[in-house]
Amino acid sequence: MTSMVNGPGDVLELVRRGRARTRGDVVDATGLSRLTVAQRVDALLEAHLIVEGETTGPTGGRRSRSLVFNGGHSFVAVAAVDTTHARLAVTDLDGTVLAEDSLLVDIRDGPVVVLDALAAGLARLLERHGSGTADLSGVGLSLPGPVDPVTGRPNQPPIMPGWDGYPVADHLSGALGGVVVHTANDADAAALGEFAVGHEGARALCLVKVSTGIGAGIVLDGRPYTGADGGAGDIGHVRVDPSSPLVCRCGAHGCLAALASGAAVARQLAELGRPVTHGLEVGELLRAGDPDASRLTQQAGRRIGEVLAGLVCVLNPEVLLVGGALASTPLLTGIRETLYRLCLPRATRHLTLQLGTLGHRAAVVGLTRLVVDRELSAEAVNARLRG
């Protein structure tokens, strides 16, 4: 076993994941000598990546100080972008939101306009928080379309004209003084946030986000599963009714998003004479208990449940969460009606199906987790502390 395999970064990983709470725990987990562990821990203490907490119970006649990840070591700035708006936040490394704001943006305006607006908004938020880019470990950016896991760039996003292959991370980094930027799909970020806060024991978790569009985020063994080129979970473009006259924003007929998304429900409400144009407004009606919005949203949920049944049969997740602007009891009820009817009992007997708990903050928390997982990975910390 080389020293790099169990360097300071590996010890930080154990502490951050809750698998080691004392120096003795690190010894047990790594097999390293107490002297070597002491050197690793001292390096992390000197870098302020961990702090020593309260003493624990007696161990062999001695009391041991606990080791705690220092969530206040630095900050993360995030921008969770939807089709018509973005949520901006500054968080600590544990994902606690310290400052936040919302910003009206239209994804159809293209990457330059939207990213420049995000950069200006994040700069204002950092100033309000009393920090700057030098205080950041990184920036997280989520987008409502597939993101290539290798390049970090949008990959043929169906509802984002002009964004395909655009160097979004480079653009935002340049506008923010060179701070590193990590990118993700919006549903993937939300799924990771929900996983981090309430479901870290789940081997497989899915989150379906129903807003203006529809997408699913997948977390397997603690890591987002994005597929070969970022398209995993893009269920909004499964064709559920090819004979339908409804044209999806991707150009195809009968996609799930064309029939059951927030935009689809908004269109149906507009046909009833209601002044509704997008998913956020549908969500407002749902929270107000509007009967038409509730009925149409439950109907949309039934259609979404048909597609989710296939996802559940393939992945057999322990947790299936519902998020996004339309997340509500009517939507959940509709999904439940078809999902359980179409799946084998074996596929759902250990399934927890419920609304997400973080609401609009799910992607914010997930982006923080993404940045920290990458910038404070064992490999990154080992390289940094070894100069």
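Scroll up to find the structure this text is about.
Rules used throughout
- Residues numbered from 1 in each chain as written.
- Predicted model: local features only at pLDDT ≥ 70, side-chain atom pairs only at ≥ 80, totals over all residues.
- Heavy atoms only, no water.
- Helix = DSSP H or I, 4+ residues; strand = E, 2+ residues; numbered from the N terminus.
- Buried < 20%, exposed > 50% of the residue type's maximum accessible area, 1.4 Å probe, protein only.
- Contact = heavy atoms within 4.5 Å.
- Lys, Arg positive; Asp, Glu negative; His and termini not counted.
- Charge placed at Lys NZ, Arg CZ, Asp CG, Glu CD.
- Pairing = 2+ DSSP bridges.
- Axes fitted to C-alpha atoms, helices over the stretch in contact; angles between N-to-C directions.
- Arc of directions from axis to C-beta.
- Polar contact = N/O pair within 3.5 Å; in protein donor to acceptor, adjacent residues only side chain to side chain.

**Student:** Help me out: how do you make sense of the overall build of the protein chain in this one?
**Tutor:** The secondary structure content of the protein chain amounts to 14 helices and 12 strands. With the C-alpha coordinates aligned to their principal axes, the bounding extent of the protein chain is approximately 75 × 50 × 40 Å. Looking at the 387 residues of the protein chain, the share that counts as buried comes to 54%. In the protein chain, 62% of the contacts between residues at least 6 apart in sequence involve partners at least 24 apart. Here the protein chain contributes 35 positive and 40 negative side-chain charges, whose respective centroids are spaced 5 Å apart.

**Student:** How should the sheet that holds strand β6 (residues 136–143) be read in this particular structure?
**Tutor:** Hydrogen bonds between backbone atoms are what pair the strands of a sheet, whose relative direction is either parallel or antiparallel. Sheet architecture is open: five strands sit in the order β5-β4-β3-β6-β7, paired in mixed fashion. Both outer strands of the open sheet, β5 (97–104) and β7 (181–185), are each paired with one neighbouring strand and no more. Neighbouring strand axes in the sheet, compared pairwise and without regard to direction, differ in orientation by 15° on average. Relative to β5, strand β4 (residues 85–92) is paired through seven bridges, and the arrangement is antiparallel. Paired with His-85 across the bridge in β5 is Leu-104. Relative to the sheet, helix α4 (residues 111–129) contacts β3 (75–81), β4, β5 and β6, its axis offset from that of β5 by approximately 145°. Seen against the sheet, helix α6 (residues 186–198) touches β3, β6 and β7 and runs at an angle of roughly 95° to β7.

**Student:** Help me out: how do you make sense of helix α9 (residues 279–287) in this one?
**Tutor:** Every α-helical turn comprises 3.6 residues, leaving residues that sit three or four positions apart pointing alike. What α9 keeps buried is the set Gly-279, Val-282, Gly-283, Leu-285 and Leu-286. Each buried residue of α9 lies within a common arc of 160° when the element is viewed along its axis, so the set occupies one face. Those residues of α9 that are buried are in contact with α8 (262–271), α10 (291–315) and α11 (329–342). Of the residues trailing α9, Gly-289 is marked for its positive phi of about 80°.

**Student:** Hey, could you run me through the sheet that holds strand β12 (residues 352–355) in this one?
**Tutor:** Read across the open sheet, the five strands follow the order β10-β9-β8-β11-β12; overall the sheet is mixed. Because the sheet does not close on itself, it has two edges, and the strands there are β10 (223–224) and β12. The strands touched by α11 are β8 (204–210), β11 (319–323) and β12; relative to β12, the strand with the most contacts, the crossing angle is about 160°.

**Student:** For this particular structure, what's the right way to read the environment of Ser-211?
**Tutor:** Considering the arrangement of structural elements, one finds Ser-211 in the loop between β8 and β9 (214–220). Each C-alpha atom of the pair Ser-211 and Gly-162 lies 21 Å from the other, and the pair is 49 residues apart in sequence. A distance of 2.9 Å separates a polar atom in the side chain of Ser-211 from the backbone nitrogen of Ala-325.

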